[in-house]
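Chain residues, written in single-letter form:
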Amino acid sequence: MPALHPDDRSLLITNALVMAGALAYGMAANSVILPLLLGSLILALSLGIAWFSQGGIGSRIGLPALGMVMVGMIIHVAQGRPEAHFAVFAFLAVTVVYRHWLPVVVAAATIAVHHLTFNYLQTWGWGPICFTEPGLMRVIEHALYVIAEAGILIMLAQRARSDFRTAEHLVRITGTLLDTSGHIDLRTRDQTPIDQASGTLLEALKGIEHSIVQVRATARQDRKSTRLNSSHRLT
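To start, this report covers the structure provided alongside it. (Residues numbered from 1 in each chain as written. Predicted model: local features only at pLDDT ≥ 70, side-chain atom pairs only at ≥ 80, totals over all residues. Heavy atoms only, no water.)

**What about the pattern of salt bridges?**
Okay, step 1: One pass over the structure, following the stated rule, counts one salt bridge.
Okay, step 2: Residues Arg81 and Glu83 are paired through a salt bridge, measuring 3.6 Å at the closest nitrogen-oxygen approach.
Okay, step 3: Residue Arg81 is classed as partly exposed on the basis of its relative accessible area of 39%.
Okay, step 4: Exposure remark for Glu83: the relative accessible area of 40% places this residue in the partly exposed category. (Salt bridge = Lys/Arg side-chain N within 4 Å of Asp/Glu carboxyl O. Buried < 20%, exposed > 50% of the residue type's maximum accessible area, 1.4 Å probe, protein only.)

**Focus: the nonpolar core**
Okay, step 1: Counting residues in each nonpolar core, the largest one holds 33 residues, and the members touching the most others are Met68, Val71, Val88 and Leu92.
Okay, step 2: Elements supplying a minimum of two residues to this core: helix H1 (6–28), helix H2 (33–53), helix H3 (57–77), helix H4 (86–94), helix H5 (101–123) and helix H6 (136–175).
Okay, step 3: Residues in contact with Leu92, not counting those within four places in the same chain, are Met68, Val104, Ala107, Ala108, Val146, Glu149, Ala150 and Leu153. (Core = buried A, V, L, I, M, F, W, Y, C linked by side-chain atoms within 4.5 Å. Helix = DSSP H or I, 4+ residues; strand = E, 2+ residues; numbered from the N terminus. Contact = heavy atoms within 4.5 Å.)

**Here we look at the packing of aromatic side chains**
Okay, step 1: Applying the stated criterion across every chain, the model contains two aromatic pairs.
Okay, step 2: Relative to Trp124, the ring of Tyr120 lies with its centre 5.7 Å away and its plane at 35 degrees, an arrangement referred to as tilted.
Okay, step 3: Assessed through its relative accessible area of 51%, Trp124 is described here as exposed.
Okay, step 4: Taken together, Tyr120, Trp124 and Trp126 form an aromatic cluster joined through their ring pairs. (Phe/Tyr/Trp six-rings, centres within 6.5 Å; stacked < 30°, edge-to-face > 60°.)

**Concerning the packing of H3 against H5**
Okay, step 1: It is the contact of H3 with H5, at a shortest axis distance of 8 Å, that shows an interaxial angle of 35 degrees. Our pair here, H3 against H5, has a crossing hand that is right-handed. Here H3 contributes Ile57, Arg60, Ile61, Pro64, Ala65, Met68, Val71, Gly72 and Ile75 to the contact with H5, which in turn contributes Leu102, Pro103, Val106, Ala107, Thr110, Ile111, His114 and His115.
Okay, step 2: Of the residues that constitute the contact of H3 with H5, the class distribution is 12 nonpolar, four polar and one charged. (Axes fitted to C-alpha atoms, helices over the stretch in contact; angles between N-to-C directions. Left-handed = near helix turned anticlockwise from the far one by under 90°. Nonpolar A, V, L, I, M, F, W, Y, C, P; charged D, E, K, R; others polar.)

**Quick look at unusual backbone geometry**
Okay, step 1: In this structure, Gln54 takes a positive phi of about 55 degrees despite not being glycine.
Okay, step 2: Here Gln54 is to be found in the loop between H2 and H3.
Okay, step 3: For Gln79, which is not a glycine, the phi torsion comes out positive at approximately 60 degrees.
Okay, step 4: Within the secondary structure layout, Gln79 lies in the loop between H3 and H4.

**Some details on H1**
Okay, step 1: An ideal rise of 1.5 Å per residue puts 33 Å on 23 residues; H1 measures up with 33 Å between its terminal C-alpha atoms.
Okay, step 2: Among the structural elements, H2, H3 and H4 are those in contact with the buried residues of H1.
Okay, step 3: Two residues or fewer after H1 comes Asn30, characterised by a positive phi angle close to 55 degrees. (Expected span 1.5 Å × (residues − 1).)

**Overview of the environment of Cys130**
Okay, step 1: Note on placement: Cys130 falls in the loop between H5 and H6.
Okay, step 2: The class of Cys130 is buried, set by a relative accessible area of 0%.
Okay, step 3: Note: C-alpha distance between Cys130 and Met73 (57 residues apart in sequence) is 9.2 Å.
Okay, step 4: If near-sequence neighbours (up to four positions away) are discounted, Cys130 is found in contact with Ile75, Gly80, His85, His114, His115, Phe118, Asn119 and Gln122.

**Side note on the environment of Val88**
Okay, step 1: Looking at the element boundaries, Val88 is found in helix H4.
Okay, step 2: Spatially, the C-alpha atom of Val88 lies 7.5 Å from that of Ile111, the residues being 23 residues apart in sequence.

Following this line, the structure appears as structure tokens:
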């Protein structure tokens, strides 16, 4: 039975926390049926996606989208209170765990569609609630904040992705320093640097290897000279 991907677990835990918040709002308003049923359904779908995708493209699209559906639910249960909207920014920040721009964009787009549609549904009196006082300008105001945060998060995700690739490459390089027999092998002929850090490490290893080769050559030369001197003395 495969374990869930660590990145997926982060979003599942966040989803569960948002659901807990929705239940708290629901208990305060004596209305827990919606957050209990809808929240359980969202969690079940999220768990299924995480189980099958294992951090892949399905997780990067499905979990952020369902997470923002959960956020929309907590906003509705809280009757559009401004404090409930903080869940948008909190959940959006968690999507950086994938170190990819796609989950951030999916989450931002999902909550944007939610705010726009629920704002009009609330205005028309159809039941869904998004704000204490709905209005298009309020939707635009919230959207600008989400766009600003999403832009920063995308930059952070890309930087984290680059740093993670560097770390992985350095681990691979250091992993080749021991051969199958357990002896140190400083040869780096099969390694290609992908950035400055890995390039610096490979150059250092090449320098060490060259120094060792020179020391061995000098030692062999010294032993050869010693044997020659010994033979001359004997003769």
